[in-house]
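Below are the chains, spelled out letter by letter.
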Amino acid sequence: MSPPYDTNTTSDELVNDYAHIIEGKVVLTTGVSPGGLGAAFVLAIAKAQPSILILAGRDLQKVEQTAADVKAVNPSVDTRTLLLDLESLKNVREAATKVNAWSDIPVIDVVVNNAALMACDYGVSVDGFERQLAANHLGHFLLANLIMGKILASSSPRVVFVSSAGHRFNPFRFGDYKFDDGQSYNRWRAYGQSKTANMLTAISLARKLGHRGLLAFSLHPGVIHTNLGNHLDWTKELEESRRVDREMGNEEGFDTGLFFDFKTIQRGVATHIYAAFDPNISGQNGSYLLDCHVGDPFSEPVKPWATSPVEAEKLWKLSEKLVGEEFNY
């Protein structure tokens, strides 16, 4: 059994405990700009001698900086950089083609879909989708499925989706996922929809490919100061997010204090590591994790619309339609 990890567990503690599992692994991580959770994740696990760290992001200069930082932590770890713009399905396909063509990397053991937009102004991707839906869900959905051959070639394949407690802001809007082309757009509801989608995709992958050994999880890292929210004026957005919570009937909307615990980045990235490597959660395939444990929908903020296999299958079919490709597992 795993030790009693909790909200105070740090990345270094988990890397120490999982070092024998991390060693030799090939790990692909999206969204690895310096100062973010993706970079903190790869820098932490670099200490445990993974075989190759594939670093993906839309700004290659920032990706290359993180690769240099990895080398500073452990010069013996190989890195590979990958240009990945999740808001462009064409670019996602190009990135997947590149990954599949790397003959020296026949296996990818772990994929951590970490990149995200949070509560941005309304806009559409090059393919015409609301940006948070495109970057947070559709791009990752397509990428993971296009490189699934290499993932399933692993003896212990895992796919991790970094979701959020913010899934509470909205179920997936099957009838209006574009928010009436922006007319009814709310940045927090759109964020919630995309984070719900992350959770549902993990459920679908677990159900469709669990029999082939694939483990898939989603997670909430906690509330951490990173560059993800640098564009937001929190003096306004905190009340706006509370207003959405109140409209949804979420208790967070009625708490007048700071209802969350700000984590250090070392604590925040711990659940990434737990999801990617913990050896004792295979029986909970498809689950949503927080504070280094499986979320309990009866006592923790885990919404039923994000844990429903029916909703998960509906989203899978819609996502296939939106990306223009079927994945028949």
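See the structure shown above.
Attention here is on the structure that accompanies the text. (Residues numbered from 1 in each chain as written. Predicted model: local features only at pLDDT ≥ 70, side-chain atom pairs only at ≥ 80, totals over all residues. Heavy atoms only, no water.)

### Notes on the side chain of Asn 113
1) Next: Its location among the elements puts Asn 113 in strand S4 (residues 110-113).
2) Next: Judged by relative accessible area, Asn 113 falls into the buried class, the value being 2%.
3) Next: Contacts of Asn 113, omitting those with residues within four sequence positions, involve Thr 30, His 140, Val 159, Val 160, Phe 161 and Val 162. (Helix = DSSP H or I, 4+ residues; strand = E, 2+ residues; numbered from the N terminus. Buried < 20%, exposed > 50% of the residue type's maximum accessible area, 1.4 Å probe, protein only. Contact = heavy atoms within 4.5 Å.)

### Looking at the sheet that holds strand S2 (residues 52-57)
Strand-to-strand pairing in sheets goes through backbone hydrogen bonds, with the strands running parallel or antiparallel.
1) Next: With mixed pairing, eight strands are arranged side by side in an open sheet as S3-S2-S1-S4-S5-S6-S9-S10. Edge positions in the sheet fall to strand S3 (78-83) and strand S10 (293-294), since each has one partner strand and no second.
2) Next: Packed onto the sheet, helix H10 (residues 270-277) meets strand S1 (26-30), S4, strand S5 (158-162), strand S6 (215-220), strand S9 (288-290) and S10 and runs at close to 155° relative to S5. (Pairing = 2+ DSSP bridges. Axes fitted to C-alpha atoms, helices over the stretch in contact; angles between N-to-C directions.)

### A closer look at the pattern of salt bridges
1) Next: For the coordinates displayed, the defined rule picks out 15 salt bridges.
2) Next: Ionic pairing is found between Arg 187 and Asp 121, a salt bridge with its closest N-O pair at 2.4 Å. Of this pair, Arg 187 sits in helix H7 (residues 187-209) while Asp 121 is found in the loop between S4 and helix H5 (131-146), placing the two residues 66 residues apart along the sequence.
3) Next: Note that Arg 173 and Asp 176 form a salt bridge whose closest N and O atoms lie 2.8 Å from each other.
4) Next: Taking the relative accessible area as the measure of exposure, Arg 173 reaches 22% and is therefore partly exposed.
5) Next: Among the charged side chains, a salt-bridge network with shared partners connects Arg 189, Glu 240, Arg 243 and Glu 247. (Salt bridge = Lys/Arg side-chain N within 4 Å of Asp/Glu carboxyl O.)

### A look at the pairing of S3
1) Next: Note that S2 and S3 share six bridges and pair parallel. Within S3, the residue paired with Leu 55 across the bridge is Thr 81.
2) Next: In this fold, S2 hands off to helix H3 (residues 60-73), which returns the chain to S3; that crossover is right-handed. (Right-handed = clockwise from strand over helix to strand, strands pointing away.)

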